[in-house]
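Spelled out, the chains give:
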Amino acid sequence: MDMDSVAGCRYLVIGDPVAHSRSPEMQNAGFAALGLGRPYGKLRVTEPELADFAHYAAQHLDGFNITVPHKAHILPYLAGISGTAKLAGSVNTVCCRDGALYGDSTDGYGLEGALREAFGLEPEGLTLLFFGTGGAARATAFHFAARGAQAIFFVNRTPERAEALRREVAAAFPLLQTATAALHDERAVTALLRRSRVAVQATSLGLKPEDPSPVPPEWLAGNPQLCCFDTIYRETPFLRGAAALGLPVADGRGMLLHQGAKSLEIWTGRTAPLAPMRAALERSLKK
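Residues numbered from 1 in each chain as written. Predicted model: local features only at pLDDT ≥ 70, side-chain atom pairs only at ≥ 80, totals over all residues. Heavy atoms only, no water.

Structural notes on the overall build of the protein chain
Argument step 1. Looking only at helices and strands, one finds ten helices and twelve strands in the protein chain.
Argument step 2. At 19 Å, the protein chain has a C-alpha radius of gyration in line with the 19 Å of a compact globule built from 287 residues.
Argument step 3. Overall, the protein chain is about 55 × 40 × 35 Å in size when its C-alpha atoms are taken along their principal axes.
Argument step 4. Burial analysis of the protein chain (287 residues in total) assigns 52% to the buried set.
Argument step 5. Side-chain charges in the protein chain split into 29 positive and 28 negative, and the spacing between the mean points of these groups amounts to 3 Å. (Helix = DSSP H or I, 4+ residues; strand = E, 2+ residues; numbered from the N terminus. Rg over C-alpha atoms; globule rule 2.2 N^0.38 Å. Buried < 20%, exposed > 50% of the residue type's maximum accessible area, 1.4 Å probe, protein only. Lys, Arg positive; Asp, Glu negative; His and termini not counted. Charge placed at Lys NZ, Arg CZ, Asp CG, Glu CD.)

Let's talk about a positive patch on the surface
Argument step 1. Side chains of R38, K42, R283 and K287 sit close together on the surface and give a patch of like positive charge.
Argument step 2. Relative to the assigned elements, R38 resides in the loop between α1 (23-33) and β2 (40-44).
Argument step 3. Overall, the relative accessible area of 57% leaves R38 in the exposed class. (Patch = residues over 30% accessible without salt bridge, like charges linked within 9 Å, V, L, I, M, F, W, Y side chains within 5 Å. Areas by Shrake-Rupley, 256 points an atom, 1.4 Å probe, with all protein chains shown as cover. Salt bridge = Lys/Arg side-chain N within 4 Å of Asp/Glu carboxyl O.)

With respect to helix α9 (residues 253-268)
Because each turn of an α-helix spans 3.6 residues, side chains separated by three or four positions end up pointing in the same direction.
Argument step 1. A rise of 1.5 Å per residue sets the reference length of α9, with its 16 residues, at 22 Å; its end C-alpha atoms lie 22 Å apart and thus fit the reference within 8%.
Argument step 2. Along α9, the positions that sit buried rather than exposed are G254, M255, L256, L257, H258, Q259, G260, A261, S263, L264 and W267.
Argument step 3. Backbone geometry just downstream of α9 places G269 in the positive-phi region, at approximately 70 degrees. (Expected span 1.5 Å × (residues − 1).)

Considerations on the packing of aromatic side chains
Argument step 1. Here the structure, examined in full by the defined rule, presents seven aromatic pairs.
Argument step 2. Geometrically, the ring pair formed by Y11 and W267 is tilted, given 5.0 Å between the ring centres and 40 degrees between the ring planes. Residue Y11 is located in strand β1 (residues 11-15), and its partner W267 is located in helix α9; the two are separated by 256 residues in the primary sequence. Accessibility classification places Y11 together with W267 in one group, the buried group.
Argument step 3. Residues F131 and F238 carry aromatic rings whose centres are separated by 5.8 Å and whose planes lie at 70 degrees to one another, so their mutual orientation is edge-to-face. Pair noted here: F131 is in strand β7 (residues 127-131) and F238 is in helix α8 (residues 237-244), with a separation of 107 residues, a long-range link. (Phe/Tyr/Trp six-rings, centres within 6.5 Å; stacked < 30°, edge-to-face > 60°.)

Quick word on the environment of A272
Argument step 1. Structurally, A272 can be placed in the loop between α9 and α10 (274-285).
Argument step 2. For A272, a relative accessible area of 8% gives the class buried.
Argument step 3. Along the sequence, A272 and A33 sit 239 residues apart, while their C-alpha atoms lie 9.0 Å from each other.
Argument step 4. In contact with A272, other than residues within four places in its own chain, are A261, L264, E265 and M277. (Contact = heavy atoms within 4.5 Å.)

Nothing here speaks to function; it is all geometry.
Dropping the structure here:
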């Protein structure tokens, strides 16, 4: 760990890799708007370094965000976690208090805010389909189940992983409608898409320019009410295909904004200043 690069920081985002993170620009704009300076940095932490980092954070930081691959790996070093984080099995926000670390998850809150802002949708009664079953899908699915979603569907390249996550969510929320489909099964996937109000692309497809959409765009065509969201915060093949069909689309920058704002509120106890945080995020994405 290059601790010299974050000397003076009281808050960090950690991950491996982490150089791509836009959180420092966004969070520092929020802190500055609250008159708290610019105390937020980023630090690459490998898995073998995580224990040493946790010890450092407990002694020297006020809080930190966590991105892949450490959202679950950090759990053994925490003195406590929120109910939301316990359900999700991961954390993305940590408070450092009196030499101990306490975890929370704001990913679901971020997606909720993004869907409300982009499509005017509330979680109560919502039907969502997730492409992918990784950490983002898991955390946000549990959040929406807890917030009164009507149905949640999981589509994954490995059907066994989708079914395992479905069983966990269904066990925690017995009244929730759940179903799964294999990514290659056109008939099953299109049937679930026709029942969905929102399709959330939560795989890594789209991070590279040559990546395809997880499904052919024509699979989305059977539901004119479908809203398409991608957790990646730029235009992706999935979003381009949906937009070409005239479907409402939004990328992941709204989710990043709202989950980061919630982290700031957890750390400071103050309302996050969304306008300067959004402006800073937009500037950083243009670089």
